[in-house]
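Structure assessment
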Amino acid sequence: MKKLIESIKEVFKIEDLRTRIFNTLFFIAIYRLGSYVVLPGVDPTRLTQGGATGVLGILDTLLGGAFSHASIFALGIMPYISASIVLQLLTIAVPYFQKLQKEGESGRKKINQYTRILTIPIVALQSVGFIATINAEAIVNPGAFFTVSTAIIVTAGTLFCMWLGEKITDKGIGNGISMIIMIGIVSRLPGALIGEATARTMRGSLIFLIELVVLFLVVMAVIILTQAVRQIPVQYAKQVGGAATLSSQRQYIPMKVNAAGVMPIIFAQSLMFVPAIAASAWNKNSDTATLIGTWFQPNHWVYNVVFGLLIIIFTYFYTAISVNPNQIADDLKRSGGFIPGVKPGRDTSEYIDEVLTRITLPGAVALAVIAILPSLATVAGVTRPFAQFYGGTSLIIMVGVVLDTMNQVKSYLLMRHYDGMMKTGKVRGRSQNIALAS
């Protein structure tokens, strides 16, 4: 505890880091205030109580309740995430975007610009769907003017959230887009804890403590899954420079067990709601439609089995498109590195691909188990808002953003220590030694 307090004091001693933390808190406060500003023409007292359910409930959790509050930030940063996914897939299928990705910083800037442009039509289309989900009784004067004005306001709100995320990245701690999503998720945690504690009587207080212990163990498991890597040893040949000969160096290629991150869960969730929506649109009175609608409810075992299998499939798919063994092998060959016992070139590529395939399987299975834990927690009697923190997209995003933020702070502290060594050190330059010798 004392070490933690000293670390916090050290953080706030650094002026630049202190300013970035305060900037981040300021931008987050703006985002949270905007989440409670209700759209013009909507009566907040008539909104559907209890929040959204299904895929809309997951979206509402990621947005910190902005969706169910019908706020100006109702869609938040999610259309930008959708545009990013589309551009990421285009970098695999379209040669032009592949070329941009290989151009370095300038190429990334162009891709980011295309992502911003693509966000506008995506949020415009999604805003129309959002208007359709608003309770009709909550709209004071429904009509064409309300639809057009609401679409414009929601689109502007998303663009403003995108701007806030970029400002957090530039002026704050970093990871602005992910930080906004995490804050929306964390904002629901206190209410979920209070609701779960209230639901448990004195007789069930022990059960509540057990739930907290299980939640702690699940968080630890997600941290392990996020940080787990398989290190592939790499040997670099001796380099001769003039009269000096540099000895060979041994390094490692870190291959993440969960290289796909949270994307497989997002893809799988997008597909899991298709059968239920199609069944309801097909024929509500049909026995087959009713059966399919029952099967694909989040608490049904069929839903969880199919959901888990889709996550495993998408984990392999996303890992294959995000990690390129051929490029890694070419980079190693170009820099004079090789894996001990493996020939450079094609054999190295096949070896890396084999290792990646083997470590992806346990990572995919663990990711699938974590994704279905909220459904299992709900079946076990945990309230739905609190059960969402037992796994799934919410928990993985929270853990990933917190770990990235901690690494950012550590990098600032490390840089500060190096700066202190340069300012207070007694290292003499070559010219000073020559002057003293003369």
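Residues numbered from 1 in each chain as written. Predicted model: local features only at pLDDT ≥ 70, side-chain atom pairs only at ≥ 80, totals over all residues. Heavy atoms only, no water.

1. Digging into the overall build of the protein
When its secondary structure is counted, the protein shows 18 helices and 5 strands. By residue count, 39% of the 438 residues in the protein fall in the buried class. Split by element, the accessible area of the protein, about 24,900 Å² in all, is 65% carbon and sulfur. (Helix = DSSP H or I, 4+ residues; strand = E, 2+ residues; numbered from the N terminus. Buried < 20%, exposed > 50% of the residue type's maximum accessible area, 1.4 Å probe, protein only. Areas by Shrake-Rupley, 256 points an atom, 1.4 Å probe, with all protein chains shown as cover.)

2. Let's talk about helix α8 (residues 176-186)
Of all 11 residues in α8, 9 are buried, a share of seventy percent or more. Within the span of α8, buried status applies to G176, I177, M179, I180, I181, M182, I183, G184 and I185.

3. What to know about the side chain of T158
Relative to the elements of secondary structure, T158 occurs in helix α7 (residues 144-171). Its relative accessible area of 0% is what places T158 among the buried residues. Side-chain polar atoms of T158 contact the backbone oxygen of G76, separated by 3.1 Å. For T158, the contacting residues outside a window of four places in its chain are L75, G76, I77, P79, T119 and V123. (Polar contact = N/O pair within 3.5 Å; in protein donor to acceptor, adjacent residues only side chain to side chain. Contact = heavy atoms within 4.5 Å.)

4. Quick word on the confidence of the model for the protein
In this model, the protein carries a mean pLDDT of 80, and residues with pLDDT of at least 70 account for 83%. Mean pLDDT in the protein bottoms out at helix α18 (residues 430-437), which sits at 42, and peaks at α7, which reaches 90. Taken as a whole, residues 425-438 scores under 50 in pLDDT and shows 4 contacts with residues more than four places along the chain or in a different chain. (pLDDT = per-residue confidence, 0-100.)

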